[in-house]
Amino acid sequence: MAEKTIAGTAVTVNDEGYLEDPGQWTKEIAVEIAKELNIDLSDKHYEVIHFLREKFMEGTPLTIRKVGKSGIVDIKEFYKLFPGGPLKFSSKIAGIPKPASCV
Amino acid sequence: MNTNKNENPLKKVCIICAKGTIEDIYATLVLANGAVMEGIEAKLFFTFFGLDAITKNRMNKIHTSTVGNPAMRMPGGLPFPSIMGMLPGVEAGVSAMMKSQMEKLDIPPIDEFLEMITAGGGEVYACKLAMDMFKLEEKDLWDDCSGVLTVGDFYAMCGGENTQIIFT
């Protein structure tokens, strides 16, 4: 666990750079984390991010399949939005913990 | 757990599935899907009874074996007598129960799982020799199958650094 300043806000992150407290998340933080991952956030990205945050707050375990059934993106589009790690990168940008999911 | 400090990460997995039970096929699919989720390239090679996983009229009728499986348990944990596994309908019942347990964990049916893997860039291949043996043609295979390969073709895909071949 470490203190880090992202987009001018002091936040706590874990070893892998995921926010420890999703409550500290802001849109500006999302933009900064996305930049580190070479992702330019579009409206579609935000829709996915809000979906993930909503599900996380409800306590629903997140999987790629759930995102694919969200009606926002299909799985192929999800991979295109967050290349190289759709679920982990989107979660990181959304300021929620890395999903402990194998599917 | 130190998971993010690997400076020499895995880049590609080539997974061979030669058996047609729920556990063998799903081991293959979970490994492949897990790979593409992490940005690792995945090639799948289905051979012998593993071909059932990508054969249209077989892929959604996969069972687990209720005989000769000493790890099989009753719901609740009591041992499952092999002789029960021989009764008609038991294998189907146990298999249906296993599939419903998996559905609860958001593990999809085989066709949907294959779609998830190919959506992430994974590629699915059939073994030519096994196809000939089982008298299968390309039209019998799942539509998004990338092709039919010889062993040599498959090995040719398994080059490159940090590539692993996995036999489930």
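Just so it is clear, the model here is predicted, and its values are computed rather than measured.

Enquirer: Which parts of the structure should I look at to understand the nonpolar core?
Expert: As a rule of thumb, soluble globular proteins bury nonpolar side chains together. With 78 residues, the main nonpolar core has V48 and I93 of chain A together with L29, F46, I54 and L114 of chain B as its most contacted residues. Tallying contributions element by element places helix α1 (residues 22-37) of chain B first for this core, with eight residues. Leave out the neighbours within four places in its chain, and I54 of chain B touches F46, M59, L114, V124, Y125, A126, D140, L141, W142 and C145 of chain B.

Enquirer: What's the story with the interface of chain B and chain A in this structure? I'm lost.
Expert: Often the size quoted for an interface is simply the accessible area lost on bringing the parts together. On the chain A side, the residues contacting the 20 residues of chain B number 18 residues. Counting the surface lost from both chain B and chain A, the interface buries some 1500 Å², and carbon and sulfur atoms represent 53% of this. It is M37, D106 and M116 of chain B that lose the most area in chain B upon contact with chain A, and together they represent 41% of the buried surface on that side. Applying the counting rule to chain B against chain A returns six salt bridges. In this structure, E112 of chain B engages K69 of chain A in a salt bridge whose closest nitrogen and oxygen atoms are separated by 3.5 Å.

Enquirer: Explain the packing of aromatic side chains here, please?
Expert: Inspection of every chain in the model, using the stated rule, returns five aromatic pairs over all chains. Look at F49 of chain B and F134 of chain B: their rings are 5.3 Å apart centre to centre, the planes differ by 45°, and that puts the pair in the tilted class. With F49 of chain B in the loop between β2 (41-46) and α2 (82-85) and F134 of chain B in the loop between α5 (128-133) and β4 (147-149), this pair connects stretches of sequence that are 85 residues apart. With a relative accessible area of 30%, F134 of chain B lands in the partly exposed category. Over the ring of Y46 of chain A we find K27 of chain A, and its NZ or CZ is 4.5 Å from the ring centre. The cationic tip of K92 of chain A hangs over the ring face of Y18 of chain A; the distance from NZ or CZ to the ring centre is 5.6 Å.

Enquirer: I tried to follow the sheet that holds strand β5 (residues 163-167) of chain B on my own but got confused; where do I start?
Expert: Whether parallel or antiparallel, the strands of a sheet pair through hydrogen bonds between backbone atoms. Residues and elements named next belong to chain B. If you walk across this open sheet you meet the five strands as β4-β3-β2-β1-β5, and the pairing is parallel. At either end of the open sheet lies a strand with only one pairing partner, and these are β4 and β5. When the angles between neighbouring strand axes are averaged without regard to direction, this sheet yields 25°. Its contacts with the sheet put α1 on β1 (12-17), β2 and β5, and the angle it makes with β2 is roughly 160°.

Basis of the calculations
- Positions within a chain are numbered from 1, following the residues in the order the chain's sequence is written.
- Chains and ligands are labelled by the order in which they are written, letters from A for the one and numbers from 1 for the other.
- Per-residue local features of the predicted model are confined to residues with pLDDT of at least 70, and side-chain atom pairs are confined, for both listing and counting, to 80 or more; whole-chain, interface and lining totals are unaffected and use all residues.
- Hydrogens and water are ignored here; the side-chain numbers use all heavy atoms of the structure.
- Only buried residues count toward a nonpolar core, which is a set of Ala, Val, Leu, Ile, Met, Phe, Trp, Tyr and Cys residues joined through side-chain atoms within 4.5 Å.
- Burial classes follow relative accessibility: with a 1.4 Å probe on protein chains only, a residue under 20% of its type's maximum area counts as buried, one over 50% as exposed, and anything between as partly exposed.
- For helices the rule is a DSSP run of H or I covering at least 4 residues; for strands it is a run of E covering at least 2, with both sets numbered from the N terminus onward.
- Whether two residues touch is decided by their heavy atoms; if any such pair falls within 4.5 Å, the residues are in contact.
- Once two parts are put together, the accessible area they lose, assessed with a 1.4 Å probe and summed over both, is termed the buried area.
- Salt bridge criterion: a side-chain nitrogen from Lys or Arg within 4 Å of a carboxyl oxygen from Asp or Glu.
- Pairing of aromatic rings covers Phe, Tyr and Trp, the last through its six-membered ring, and needs centres within 6.5 Å; plane angles under 30 degrees mean stacked, over 60 mean edge-to-face, and all others mean tilted.
- Note on criteria: charge over ring means Lys NZ or Arg CZ within 6 Å of the ring centre, with the direction from the centre no more than 35 degrees off the ring normal.
- At least two DSSP bridges between two strands are needed for those strands to be called paired.
- Axis definition: a line fitted to C-alpha atoms, limited for helices to the stretch in contact. Angles are taken between N-to-C directions and run from 0 to 180 degrees.

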